[in-house]
Amino acid sequence: MTSLLSFADVWTASQLLERTQHARSTPETTGWTIETLAGRMVELSGPAFLSAACSLVLDAQQNDEPVAWISACPSVFFAADAAQAGIDLEALPIIRSLNAHTAARAADRLLRSGAFGLLLLDLGHNPQIPMALQGRLLRLAEKHSTALVLLTENPPSAPALSSLVSLRLQATRRFLSNDQRFICELHALKDKQQAPGWQLQETFHGPLGLR
C-alpha cells in the first residue's frame, strides 16, 4: 500500500506555529458549517478564502469531526492565526504536495478511510486535476458524508474547477471604518442545491494574516 509520505511531507499544524510570531484575534461567529457541506465538492476562492476556510475547520473540530489540510502551494495559513481562532493545531495534519494532481491523490487515500468530516485542498491558481480523479473524490465524499473543499486562487470571472463542483464561493474582505474588525463575505457564484447569488457574512477581529 502506498504511504501518504510518497505524495508529500506531512507536518502537524503546531510545527507551523513555530515558524511565525504573529498573534491574532478570534472570529466571533461562523457563517457556514460542515453539516451543510457534507458530501459536496466545494470550490472556495477570493482574497479572504483562508479566513473562511479556517472558520470551517473550527466548526468541524467543535463537532468532533477529524480534519486534514492538503496543500499544493508553497505556503499555507499562518498557524498563529489559526491558534488564536481556537483551532486545535495538534489535531490538524498538514500534508504538503508537489502539485494539484498529487494533492488530489492524497485526498483520495484519506477519503477512502472514511475517517474525515472535512478535507481542504489548497490548490492555488488554475489547478489541473483529471476528471476521472475528481469524480472518484466526489463519490467518496458522498459515500462518507465528507465536506470536500477545494481552495483556489481563480478569479470569479474564471469558470469553476469543473462541472462536478456543487458549490462555488468567492470570499471577500470588507474592513469596518475606525475599527480593527473586518467582514468576511461569502458570495455564492454557483450552487446546485439552490439558486446562486446568496451571501453569508462573518466578522473577524483584524488585522489577520489569513489571505
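Residues numbered from 1 in each chain as written. Predicted model: local features only at pLDDT ≥ 70, side-chain atom pairs only at ≥ 80, totals over all residues. Heavy atoms only, no water.

At their nearest, the axes of helix H5 (residues 100–113) and helix H6 (residues 131–144) sit 10 Å apart, and the two run at 25 degrees to each other. By the angle between their directions, the pair H5 and H6 is classed as roughly parallel. For the crossing formed where H5 meets H6, the hand is left-handed. Residues His101, Ala104, Arg105, Ala107, Asp108, Leu111 and Arg112 of H5 touch H6, and the partners they reach there are Leu133, Arg136, Leu137, Leu140, Ala141 and His144. Of the residues contributing to the contact of H5 with H6, the split by class is seven nonpolar, two polar and four charged. (Axes fitted to C-alpha atoms, helices over the stretch in contact; angles between N-to-C directions. Helix = DSSP H or I, 4+ residues; strand = E, 2+ residues; numbered from the N terminus. Parallel < 35°, antiparallel > 145°, perpendicular 65-115°, else oblique. Left-handed = near helix turned anticlockwise from the far one by under 90°. Contact = heavy atoms within 4.5 Å. Nonpolar A, V, L, I, M, F, W, Y, C, P; charged D, E, K, R; others polar.)

Attention shifts here to the confidence of the model for the chain. Mean pLDDT over the chain: 83, with 78% of residues reaching 70 or higher. Here residues 17–31 is a poorly scored stretch, pLDDT under 50, and it has 36 contacts once near neighbours within four places are set aside; other chains count. The model gives residues 207–211 a pLDDT under 50, and that stretch makes 27 contacts with residues more than four places away or in other chains. (pLDDT = per-residue confidence, 0-100.)

We now examine the environment of Glu43. Secondary-structure assignment places Glu43 in strand S2 (residues 41–45). Residue class for Glu43 comes out buried when judged on its relative accessible area of 0%. With residues near it in sequence (within four places) discarded, Glu43 still touches Leu150, Thr152, Asn154, Ala160, Leu161, Val165, Leu167, Arg168 and Leu169. Side-chain polar atoms of Glu43 contact the backbone nitrogen of Leu161, separated by 2.7 Å. (Buried < 20%, exposed > 50% of the residue type's maximum accessible area, 1.4 Å probe, protein only. Polar contact = N/O pair within 3.5 Å; in protein donor to acceptor, adjacent residues only side chain to side chain.)

The next point concerns the pairing of strand S4 (residues 93–97). Of all five residues making up S4, four are buried, and the element is well covered by its neighbours. Where strand S3 (residues 67–71) meets S4, three bridges bridge the pair, whose relative direction is parallel. Across the sheet, the residue bridging to Trp69 is Ile94, located in S4. (Pairing = 2+ DSSP bridges.)

Across soluble globular proteins, nonpolar side chains show a tendency to be buried alongside one another. With 36 residues, the main nonpolar core has Leu44, Trp69 and Leu118 as its most contacted residues. No other element matches the nine residues that helix H3 (residues 49–62) contributes to this core. One finds Ile95, Ala103, Ala106 and Leu111 within the second-largest nonpolar core, a separate group that totals 26 residues. (Core = buried A, V, L, I, M, F, W, Y, C linked by side-chain atoms within 4.5 Å.)

Moving on, we come to the side chain of Gln61. Relative to the elements of secondary structure, Gln61 occurs in helix H3. Among the residues examined, Gln61 registers a relative accessible area of 17% and is labelled buried. A polar side-chain atom of Gln61 sits 2.7 Å from the main-chain amide nitrogen of Asp88. When neighbours within four sequence positions are excluded, Gln61 is seen to be in contact with Val67, Gly86, Ile87, Asp88, Ala91 and Leu92.

For H3, spanning 14 residues, the distance from its first C-alpha to its last is 20 Å, which sits close to the expected 20 Å at 1.5 Å a residue. H3 sits mainly inside the fold: 13 of its 14 residues count as buried. Asp64, located one to two residues past H3, shows a positive phi value of around 60 degrees. (Expected span 1.5 Å × (residues − 1).)

Turning next to the pattern of salt bridges. In total, this model carries four salt bridges according to the counting rule given. The salt bridge involving Asp191 is made with Arg40; its shortest N-O contact spans 2.8 Å. With Asp191 in strand S8 (residues 181–191) and Arg40 in the loop between helix H2 (34–37) and S2, the pair connects residues that are 151 residues apart, well separated along the chain. Overall, Arg40 belongs to the buried group, its relative accessible area being 7%. The residue Asp108 makes a salt bridge to Arg136 at a minimum N-O spacing of 3.0 Å. (Salt bridge = Lys/Arg side-chain N within 4 Å of Asp/Glu carboxyl O.)

A few words on the environment of Gly197. Within the secondary structure, Gly197 sits in the loop between S8 and strand S9 (199–205). Placed eleven residues apart in sequence, Gly197 and Leu186 show a C-alpha to C-alpha distance of 9.8 Å.

It is worth spelling out H6 at this point. Compared with the 20 Å implied by 1.5 Å per residue over 14 residues, the 20 Å span of H6 between its first and last C-alpha is a close match. Taken together, the buried positions of H6 are Leu133, Gln134, Gly135, Leu137, Leu138, Leu140 and Ala141. Residues of H6 that are buried make contact with S2, H5 and strand S6 (147–152). Positive backbone phi, approximately 55 degrees, marks Ser145, located one or two places after H6.

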